[in-house]
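Below are the chains, spelled out letter by letter.
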Amino acid sequence: MTSASTSQYDVIIIGAGAAGLMCAATAGYRGRKVLVLDHANKPGKKILMSGGGRCNFTNLNSTPANFLSDNPRFCISALKRYTPQDFLELVDRHGVEYEEKAPGQLFCKDSAKDILNLLLTECEWAGATIRMNTGISQIEAQDTGYRLLTSSGGKLSCQSLVIATGGLSIPTMGATGFGYDLARQFDLTVLPTRAGLVPFTLHPELKEQLSPLSGVSCPVDVSCHNQHFREPMLVTHRGLSGPAMLQISSYWHPGDSLAINLLPACHIRDDLLALRNSKPRSTVGQYLAQHLPKRFAQAFNDLNQWQGPLQGYRNSDIDEVASQLGQWSIKPAGTEGYRTAEVTLGGVDTRQLSSKTMAVLDRPNLYFIGEVVDVTGHLGGHNFQWAWASGVVAGQHA
Ligand code: FDA
């Protein structure tokens with residue numbers, strides 16, 4: 001490659017997703033000559049499909065406790081430097097209308113397009129160039145930066161290189177392992193990856209037993225490995241989904257069981273004992289129907305074959321019913337995997353990065369941001385907040 005035929009930039013960012021676009025605008029406003037490259041035909045595809053098309057763009061209650069990482073303190077610095085309030089100010093400046101659907105969870109009122117347009121406008125105002133349909137076939141380190149060869153044969157060079165290629169979830173949206181491969185090329189450790197925020201699949205027998213419940217949702221408290229989430233669970237024709245199951249999936253490993261409390265708001269054992277005293281002819285089914293969606297109550301009662309009035313139940317029988325309802329133990333067959341996962345757990349080991357700039361510690365002009373890094377948020381807007389925060393801090397230094 002000769003410099004005569006090589007286009008030069010201060011900063012090249014690979015990946016025109018949430019983190020890459022935020023980084024591009026931030027670096028552009030600093031007067032840096034910025035180019036964003038992406039192999040997809042359109043930028044920000046995941047933004048468009050996020051939050052059911054309305055993009056849950058941040059969470060006002062986001063704290064480091066909402067993130068999983070092998071190095072849990074790493075995310076603190078970036079999240080402090082760029083907060084949900086900072087992103088909200090940007091949203092307000094662009095006049096994007098939003099609503100708080102659940103405590104702290106902010107969604108676009110109209111469409112996720114508003115967030116993508118905001119980012120593209122910021123990039124334009126900051127003078128950053130975005131080039132789509134561009135794969136990268138080779139990257140080489142030079143004394144003062146990097147040389148890139150694009151798949152179409154174009155030669156580019158930059159002082160700072162930012163990797164924002166995301167994780168492996170939803171390959172049909174352009175996800176690749178590019179960032180992990182590049183990290184390995186530069187001798188960085190990549191922690192094992194797995195699908196997170198993903199529905200569970202069930203073994204055939206349980207799937208069959210739960211099939212009458214398909215489409216039914218109820219609030220539960222699910223736990224695994226000392227983590228628990230109190231949110232709705234949805235039974236689907238493939239297995240278990242809904243916020244509770246997506247959240248706990250990030251903590252689940254193959255072979256683990258889940259403990260599901262179907263009546264988290266009740267004192268089940270005390271309720272049943274009291275009911276046996278006050279209304280001895282009432283049934284477990286009637287108790288369930290008071291607290292669960294009717295179809296769920298009926299099917300769960302049938303599944304457990306709870307019959308007859310409570311007066312026929314010994315204390316030990318009531319203990320058993322209470323345990324089945326309060327700690328229903330399920331061993332999922334697996335998850336739906338990257339095909340439907342919202343995020344990828346694991347990734348570039350953060351111990352090799354500066355938490356203040358996202359640069360590689362012994363290679364200060366190479367940056368990793370967003371989902372490619374081993375920082376994964378809970379459901380509810382935390383993953384975009386990480387993309388914005390890591391993108392901004394890298395953009396302030398690249
Ligand atoms: P992102 O995946 O957004 O971008 C990576 C970019 O790199 C893509 O444009 C891709 O084409 C490009 N790329 C990949 N490989 C490349 C290569 N080899 N060469 C060139 N370019 C390459 N989060 C949240 O907070 N709120 C929400 O509502 C949702 N909802 C949601 C729904 C669904 C269905 C999914 C799948 C995910 C969510 N998320 C979410 C998660 C959120 O979308 C995710 O965490 C961020 O998009 C991550 O941003 P990044 O910029 O790191 O990667």
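For clarity, every value in this text was computed on a predicted model and none was experimentally measured.

Caption draft 1: Representation of the overall build of the protein chain in the model. Helix and strand content of the protein chain: 13 helices and 22 strands. Considering only C-alpha atoms, the protein chain reaches an extent of 90 × 40 × 35 Å along its principal axes. Measuring between centres, the 34 positive side-chain charges of the protein chain sit 2 Å from its 34 negative side-chain charges.

Caption draft 2: Up close: helix α10 (residues 284-291). Within α10 the residues assigned to the buried category are V284, Y287 and L288. In an axial view of α10, the angular spread of the buried residues amounts to 100°, which keeps them on one side of the axis. Against the buried residues of α10 lie α9 (268-278), α11 (294-304) and α12 (315-326).

Caption draft 3: Local environment of the domain arrangement of the protein chain. For the protein chain, the domain assignment lists domain 1 (8-195 + 344-395) and domain 2 (200-335). Here the C-alpha centre of domain 2 lies 39 Å away from the C-alpha centre of domain 1. With 5 residues of domain 1 at the contact, the number on the domain 2 side is 9 residues. Summed over both partners, the interface of domain 1 with domain 2 comes to about 680 Å²; 52% of that surface belongs to carbon and sulfur atoms.

Caption draft 4: Structural context of the UniProt feature "domain: RsdA/BaiN/AoA(So)-like Rossmann fold-like" (unreviewed entry) in the protein chain. With numbering aligned to this structure, UniProt lists the feature "domain: RsdA/BaiN/AoA(So)-like Rossmann fold-like" (unreviewed entry) at residues 10-396. With 33% helix and 26% strand, residues 10-396 has end C-alpha atoms that lie 13 Å from one another.

Caption draft 5: Spatial organisation of the pairing of strand β8 (residues 136-141). Bridge analysis of β8 against strand β9 (residues 146-150) gives 5 bridges, and the strand direction is antiparallel. Its bridge partner being in β9, Q138 is matched across the sheet by L149.

Caption draft 6: Quick look at the layout of surface pockets. Taken as a whole, the second largest pocket spans an internal volume of roughly 270 Å³. Surrounding the second largest pocket, 13 residues form its lining, L68, S69, D70, R194 and D374 being those nearest its centre. Those elements giving two or more residues to the lining of the second largest pocket turn out to be β11 (190-196) and β19 (343-348). In terms of residues, the lining of the second largest pocket owes the most to one element, β11, which gives 3 residues. Taken together, the residues of the lining of the second largest pocket sort by class into 5 nonpolar, 5 polar and 3 charged.

Caption draft 7: Focus on the pattern of salt bridges. Taken as a whole and assessed by the stated rule, the structure comprises 9 salt bridges. For the salt bridge of D317 with R314, the shortest nitrogen-to-oxygen distance reads 3.2 Å.

Caption draft 8: Representation of the UniProt feature "domain: RsdA/BaiN/AoA(So)-like insert" (unreviewed entry) in the protein chain within the structure. Per the UniProt record, "domain: RsdA/BaiN/AoA(So)-like insert" (unreviewed entry) is found at residues 194-343. Structurally, residues 194-343 is divided into 38% helix and 23% strand, and its ends, taken at the C-alpha atoms, are 9 Å apart.

Caption draft 9: Broad picture of the site of the ligand. Surrounding the ligand, one finds 29 residues, the nearest of these being A19, D38, T176, E371 and F384. Contact between the ligand and A18: an oxygen atom at 3.2 Å from a main-chain N or O atom of the residue. Within the side chain of T176, a nitrogen or oxygen atom sits 2.6 Å from a nitrogen atom of the ligand. Protein chains shield 93% of the accessible area of the ligand, which is 1000 Å² for the free molecule. Those elements that place two or more of their residues in the shell around the ligand are α1 (18-29), α2 (45-49) and α13 (382-395).

Caption draft 10: Structural context of unusual backbone geometry. Non-glycine residue L197 carries a positive phi angle of around 50°. Tracing the backbone shows L197 in the loop between β11 and β12 (200-201). Owing to a relative accessible area of 1%, L197 belongs among the buried residues under this scheme. You will see that Q305, though not glycine, has its phi angle at about 50°, which is positive. Tracing the backbone shows Q305 in the loop between α11 and α12. In this structure Q305 comes out as exposed when scored by relative accessible area, which is 62%.

Caption draft 11: The arrangement of the sheet that holds strand β3 (residues 56-59) in detail. What the 3 strands build is an open sheet, ordered β3-β6-β5; its pairing is antiparallel. Each end of this open sheet is capped by a strand with a single partner; those strands are β3 and β5 (98-102). Each strand of the sheet is rotated relative to its neighbour by a mean of 35°, with strand direction disregarded. Contacts between helix α4 (residues 84-93) and the sheet are confined to β3, β5 and β6 (105-108), with β3 contributing the most and set at about 140° to the helix.

Caption draft 12: Up close: the sheet that holds strand β17 (residues 328-330). Overall, antiparallel pairing links the 7 strands, which are arranged β17-β16-β13-β14-β15-β12-β18 in an open sheet. Single-partner strands in this sheet number two, and they are β17 and β18 (334-335). Here strand β16 (residues 258-261) runs beside β17; their pairing, made up of 3 bridges, is antiparallel. Bridging from a neighbouring strand, L258 pairs with I330 of β17. Taken strand by strand, α12 contacts β16 and β17, and its axis lies near 110° from that of β16.

Thresholds, definitions, all that
- Residues numbered from 1 in each chain as written.
- Predicted model: local features only at pLDDT ≥ 70, side-chain atom pairs only at ≥ 80, totals over all residues.
- Heavy atoms only, no water.
- Helix = DSSP H or I, 4+ residues; strand = E, 2+ residues; numbered from the N terminus.
- Lys, Arg positive; Asp, Glu negative; His and termini not counted.
- Charge placed at Lys NZ, Arg CZ, Asp CG, Glu CD.
- Buried < 20%, exposed > 50% of the residue type's maximum accessible area, 1.4 Å probe, protein only.
- Arc of directions from axis to C-beta.
- Contact = heavy atoms within 4.5 Å.
- Domains from an automatic or database assignment.
- Buried area = accessible area lost by both parts, 1.4 Å probe.
- UniProt positions renumbered as here; feature names shortened; annotations may be inferred.
- Pairing = 2+ DSSP bridges.
- 1 Å grid on protein atoms, 1.4 Å probe; cavity = no way out; pocket = protein on both sides within 12 Å on 5 of 7 lines; lining within 4 Å.
- Points joined across faces, edges and corners; volume = space filled by probe spheres on them.
- Nonpolar A, V, L, I, M, F, W, Y, C, P; charged D, E, K, R; others polar.
- Salt bridge = Lys/Arg side-chain N within 4 Å of Asp/Glu carboxyl O.
- Near = heavy atom within 4 Å.
- Polar contact = N/O pair within 3.5 Å; in protein donor to acceptor, adjacent residues only side chain to side chain.
- Areas by Shrake-Rupley, 256 points an atom, 1.4 Å probe, with all protein chains shown as cover.
- Axes fitted to C-alpha atoms, helices over the stretch in contact; angles between N-to-C directions.

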